[in-house]
Number of protein chains: 2
Amino acid sequence: MKQDGRLVRIVDVARAAGVSPSTVSKALNDSGSLKAATRERVREAADRLGFVSDAGARALSMRRTFIVGLLSTDDIGRFSMPVMQGAENAFAVGEISTLVATARHDAVREQHHLRTLIARRVDGIIVTGKTTDPREPIEVPVPVVYALAPSADPDDISVLPDDAAGMRLVVDHLRTLGHRRVAHIAGRADQNTSRVRLAALQEALAEAGMELVGEPLFGEWSEPWGRRAVDLVLRDAAEPPVTAIVCASDQLARAAADRLRERGLRVPDDIAVTGYDNWHVMWSASRPPLTTVDMELEALGRRAAERLLAEIQEADTGPRGIEYLPPRLVARGSTIAGD
Amino acid sequence: MKQDGRLVRIVDVARAAGVSPSTVSKALNDSGSLKAATRERVREAADRLGFVSDAGARALSMRRTFIVGLLSTDDIGRFSMPVMQGAENAFAVGEISTLVATARHDAVREQHHLRTLIARRVDGIIVTGKTTDPREPIEVPVPVVYALAPSADPDDISVLPDDAAGMRLVVDHLRTLGHRRVAHIAGRADQNTSRVRLAALQEALAEAGMELVGEPLFGEWSEPWGRRAVDLVLRDAAEPPVTAIVCASDQLARAAADRLRERGLRVPDDIAVTGYDNWHVMWSASRPPLTTVDMELEALGRRAAERLLAEIQEADTGPRGIEYLPPRLVARGSTIAGD
DNA sequence: GAAAATCAGGAAACCGATTTCCGAAACCGT
DNA sequence: ACGGTTTCGGAAATCGGTTTCCTGATTTTC
């Protein structure tokens, strides 16, 4: 395959097999009607010559490129990466290639990338972003699925992790363990995720007959904030006012656990801690390892890919609007002693 | 642009402008010889109709797809991501699109992806991986550049971060601050990176007339190991045997700083700590923030893209074999008090 | 054994651009 | 006014496949 001359074309195969180009095409694509012997002879010739069909030329006549675009609003980051991974995987089995484009929050760059994707005649586009804040839909003449960052248009297809379900899992877990009074350390107040998680937490707690102690603490998604927030929870209290702290991310939870230990409290015996994200470097570095929620982002990427494929084949069955995918609770030492 | 019928073709523009298709092509590509007025008229018609040239068809006649493949040996991870980002950026300005393929350490998957890339007639391929261990070169009929994971073949083009230079920066920094006796916490012994960093450290220390105290400590790339390693350094010593600990990663350094604080030692006053990677979540969460080395992976991705482009245009000037790119030292509180 | 139905494979049109080649028109100097 | 260049723009070939007929050959049917 490493010769430098032009690659093997279909006519070369045709000549080698003593048939016409159209016959080669039919043989290799299992179309038309050919004798089994002919098919075999062509196939044999094809891979003897190392023939690899030109996808571009094929796309031209089939009016289908088998390429999808993956447009990321920002950089490909910690969240969009697994999504992309899942999508790429799902597509690869269907012989579909993935073209990546990152807009870096720049509208001009985004437009530029969209133009290129259109020029490439992609069969469809998946749009991602790092937050779950709704975004302006993109205007293109091909199917689009939004993953992680939903479209503001309810007629578009969006796939999101079900944060509300995640919080219910957490509350359920804590209730089973006997906790009744919990505090919440949240992330940035201006992000959808923070508000959704808080709301879901409050609701789930109410249903379970449990109590959210103190104001929810909004801050940022950083360890320093996590540590500071713990101090606020424990503010001038001889006895801890709660038995568990639900954190909106693993980063916050890890910092919380650190701070609690520094303040002489044992996790989980004195206070249990839960995180969110199942981010390996965080949950495993925490002492003890974190009980957390896995959003199953890779599955989300796969699902987005499936929906897009269905949409491309005009056979989509899922709901328009936002589809929520169930997360998974992972119980570890930060809530279960001796784990 | 959101009509559902077929997209605007070059003949549509031709008709609208009252010229032939070939004239449209020339007008839009600034080729051939046309009156300025004609060119303008065609252009005007083209974007009035929202014409976007079909890249596939164009590729077919130009024998150049303006697509490159980005093949990752493993998943796209923390290290390959910025590389990919840098490459994608560099390519985007040249109107080149990036096709991603992740092999997940699976030879079969890798072969499969290579076949698809060849079928797509990519102009070239960038190969990455997460470690700097040399890898088997790939066999393809197009130019290839290896980034991060070098090819075992010295005739191939590889671009790597200069870890030796990075370690020299660290030693230099510590020497300036008056340190003479340092310990080293390394990562996995079976990885090239670990050995290279250690060797460079030893050499730089020798040159600077400084001393590496104790055996280098190999372990894993995790915080638990970082903490344990600190205990080994301080083992049954009333007084710390060193004034600085050079860690092979930010993760290790952050854990080391944590552990030192727990043992009642002040960083950097009693012992200074350095990391490697400039990994934001690690250096910023550390108390104090970490002095570390930034490998400039995004620049590395850009460089890889440049080399590949040059190679595609048969105008490469850089050296065959491995090209090392200079890292950058970032000084922070873990070595400089009051920072 | 003849008519009808089925099967195998090829010729040619087509997908949507680029590019080479060529003819007509405009321009030139004398 | 005339031969000789230039300039401009179109016709047609080409890139590498797929697909639609279409024609002989073979098989089926009664």
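These figures come from a predicted structure and were not determined experimentally.

**A word on unusual backbone geometry**
- For the bond from Val 267 of chain A to Pro 268 of chain A, the omega torsion is 5 degrees, close enough to zero to count as cis.
- Mapped onto the elements of the fold, Pro 268 of chain A is located in the loop between helix H10 (250-262) and strand E9 (272-274).
- Cis geometry is found at the peptide bond from Arg 287 of chain A to Pro 288 of chain A, where omega equals -10 degrees.
- By the secondary structure assignment, Pro 288 of chain A is in the loop between helix H11 (280-283) and strand E10 (292-294).
- For Phe 66 of chain B, which is not a glycine, the phi torsion comes out positive at approximately 60 degrees.
- For Phe 66 of chain B, the location among the structural elements is in the loop between helix H4 (55-62) and strand E1 (67-72).

**A closer look at the packing of helix H2 (residues 21-29) of chain B against helix H3 (residues 36-49) of chain B**
All names here are of chain B.
- Where H2 contacts H3, the axes come no closer than 9 Å and their chain directions differ by 95 degrees. Regarding the angle of H2 to H3, the classification is roughly perpendicular. When H2 is examined against H3, the residues Thr 23, Val 24, Lys 26, Ala 27 and Leu 28 are found in contact with a partner set consisting of Thr 38, Arg 39, Val 42, Arg 43 and Ala 46.
- The class makeup of the residues in the contact of H2 with H3 is five nonpolar, two polar and three charged.

**A short note on the interface of chain B and chain A**
- With 61 residues of chain B at the interface, the matching set in chain A holds 61 residues.
- Buried area between chain B and chain A, both sides added, is near 5300 Å², and the carbon and sulfur share of it is 50%.
- Counting across the interface, chain B meets chain A through twelve salt bridges.
- On the surface where chain B and chain A come into contact, there are 32 residue pairs in polar contact (both at pLDDT 80 or more).
- Residue composition of the side of chain B that touches chain A, by class: 26 nonpolar, 14 polar and 21 charged.

**Some thoughts on the protein's contact with DNA strand D**
- Around DNA strand D there are 28 residues in total, and Ile 10 and Ser 25 of chain A together with Thr 23, Lys 26 and Thr 38 of chain B lie nearest to it.
- In this structure, a phosphate oxygen belonging to DNA strand D sits 3.1 Å away from a side-chain N or O atom of Asn 29 of chain A.
- At 2.9 Å from a phosphate oxygen of DNA strand D is found a main-chain nitrogen or oxygen belonging to Lys 35 of chain B.
- For the surface near DNA strand D, the secondary-structure elements that each account for two or more residues are helix H2 (21-29) and helix H4 (55-62) of chain A together with H2 and H4 of chain B.

**Here's the deal with the packing of aromatic side chains**
Residue and element names in this part refer to chain A.
- Under the defined criterion, the tally for this structure stands at zero aromatic pairs over all chains.
- Over the ring of Phe 66 we find Arg 64; its NZ or CZ atom is 4.2 Å from the centre of that ring.
- Of note, Arg 197 hangs over the ring of Tyr 276, and the distance from its end group to the ring centre comes to 3.9 Å.

**A word on helix H3 (residues 36-49) of chain A**
Residue and element names in this part refer to chain A.
- Helix length check: H3 (14 residues) gives 20 Å between terminal C-alpha atoms against 20 Å at 1.5 Å per residue, within 8%.
- Thr 38, Arg 39, Val 42, Ala 45 and Ala 46 are the residues of H3 that are buried. Buried residues of H3, seen end-on, are gathered within an arc of 135 degrees and therefore sit on one face of the element. Turned more than 90 degrees away from the buried face of H3 sit Ala 36, Ala 37, Asp 47 and Arg 48, all of them exposed.
- Buried positions along H3 lie against helix H1 (10-17) and H2.
- Directly beyond the C-terminal end of H3, a positive phi value near 70 degrees is found at Gly 50.

**Describing the relation of the copies chain B and chain A**
- At an RMSD of 0.1 Å, chain B and chain A line up after a rotation of 180 degrees and a shift of 0.0 Å along the axis. Both copies of the chain, as the preceding transformation shows, are related through a two-fold rotation axis. Taking C-alpha positions as reference, the residue of chain B nearest the rotation axis is Leu 99 of chain B, located at 2.3 Å.
- A shared interface surface links the copies, since 100% of the contact residues of chain B are contact residues in chain A too.

**Let's talk about the environment of Arg 302 of chain A**
All names here are of chain A.
- Residue position: Arg 302 is located in helix H12 (residues 297-312).
- On a C-alpha basis, the gap between Arg 302 and Glu 323 in space is 13 Å, while along the polypeptide they are 21 residues apart.
- Sequence-distant contacts of Arg 302, that is, excluding residues within four places in its chain, are made with Gly 86, Ala 87 and Ala 90.

**Some remarks on the side chain of Asp 162 of chain B**
Residue and element names in this part refer to chain B.
- By the secondary structure assignment, Asp 162 is in the loop between strand E5 (157-161) and helix H7 (163-176).
- Of the side chains bearing the opposite charge, Arg 168 lies closest to the buried Asp 162, which forms no salt bridge; the N-O distance is 4.6 Å.
- Not counting chain neighbours up to four residues away, the residues in contact with Asp 162 comprise Tyr 276, Tyr 324, Leu 325 and Pro 327.

Here is what the cut-offs are and how they apply
- Residues numbered from 1 in each chain as written.
- Chains lettered and ligands numbered in written order.
- Predicted model: local features only at pLDDT ≥ 70, side-chain atom pairs only at ≥ 80, totals over all residues.
- Heavy atoms only, no water.
- Helix = DSSP H or I, 4+ residues; strand = E, 2+ residues; numbered from the N terminus.
- Axes fitted to C-alpha atoms, helices over the stretch in contact; angles between N-to-C directions.
- Parallel < 35°, antiparallel > 145°, perpendicular 65-115°, else oblique.
- Contact = heavy atoms within 4.5 Å.
- Nonpolar A, V, L, I, M, F, W, Y, C, P; charged D, E, K, R; others polar.
- Buried area = accessible area lost by both parts, 1.4 Å probe.
- Salt bridge = Lys/Arg side-chain N within 4 Å of Asp/Glu carboxyl O.
- Polar contact = N/O pair within 3.5 Å; in protein donor to acceptor, adjacent residues only side chain to side chain.
- Near = heavy atom within 4 Å.
- Phe/Tyr/Trp six-rings, centres within 6.5 Å; stacked < 30°, edge-to-face > 60°.
- Lys NZ or Arg CZ within 6 Å of the ring centre and 35° of its normal.
- Expected span 1.5 Å × (residues − 1).
- Buried < 20%, exposed > 50% of the residue type's maximum accessible area, 1.4 Å probe, protein only.
- Arc of directions from axis to C-beta.
- Least-squares fit on C-alpha atoms with pLDDT ≥ 70 in both.
- Lys, Arg positive; Asp, Glu negative; His and termini not counted.

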